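# Reading the structure
As a plain string of letters, each chain reads:
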Amino acid sequence: MDIEITTEFIKLDALLKFAALVGTGGEAKYVIAEGLVKVNGETCTMRGKKLRAGDVVEFAGETVKIKQ
């Protein structure tokens, strides 16, 4: 799935909500803290991680690519 952003970056927790991979910010915080989310192939536990065009996020069998 491709997600297009119109800003310089989007934070990881906001992306998970925007892409409807989680229902709430609290759920996003939990799955990120538990190490269930990968950014560019590496486990990421920083919910404020800034994602930019070209970054790839993996969670729950879904892959999201950031486009601009």
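Procedures and definitions
- Residues numbered from 1 in each chain as written.
- Predicted model: local features only at pLDDT ≥ 70, side-chain atom pairs only at ≥ 80, totals over all residues.
- Heavy atoms only, no water.
- Salt bridge = Lys/Arg side-chain N within 4 Å of Asp/Glu carboxyl O.
- Helix = DSSP H or I, 4+ residues; strand = E, 2+ residues; numbered from the N terminus.
- Buried < 20%, exposed > 50% of the residue type's maximum accessible area, 1.4 Å probe, protein only.
- Phe/Tyr/Trp six-rings, centres within 6.5 Å; stacked < 30°, edge-to-face > 60°.
- Lys NZ or Arg CZ within 6 Å of the ring centre and 35° of its normal.
- Core = buried A, V, L, I, M, F, W, Y, C linked by side-chain atoms within 4.5 Å.
- Contact = heavy atoms within 4.5 Å.
- Polar contact = N/O pair within 3.5 Å; in protein donor to acceptor, adjacent residues only side chain to side chain.

## Description of the pattern of salt bridges
Within the structure shown, the criterion is met by two salt bridges. Linking D2 and K67 is a salt bridge whose minimum nitrogen-to-oxygen distance equals 3.9 Å. In this pair, D2 is assigned in strand β1 (residues 2-4) and K67 in strand β7 (residues 62-67), connecting sequence segments 65 residues apart. Here D2 falls in the partly exposed class, since its relative accessible area comes to 49%. We note a salt bridge from R52 to E8, for which the minimum N-O separation is 3.3 Å. One end of the pair, R52, is in the loop between β5 (50-51) and β6 (56-59); the other, E8, is in the loop between β1 and β2 (10-11), and 44 residues separate them in sequence.

## A look at the packing of aromatic side chains
All chains considered together, the criterion is met by zero aromatic pairs. Its end group placed over the ring of F9, K50 keeps NZ or CZ at 4.7 Å from the ring centre.

## A few points about the nonpolar core
Of all hydrophobic cores here, the largest spans 20 residues; its most connected members are L12, L15, L16, V37, L51 and V57. Put simply, the parts of the chain that give this core at least two residues each are α1 (12-18), α2 (25-33), β6 and β7. Leaving out residues up to four positions away in the same chain, L15 has contacts with I3, I10, L51, V57, V64 and I66.

## A few points about the side chain of D55
Mapped onto the secondary structure, D55 falls in the loop between β5 and β6. One polar contact links the side chain of D55 to the main-chain amide nitrogen of R52, over a distance of 2.8 Å.

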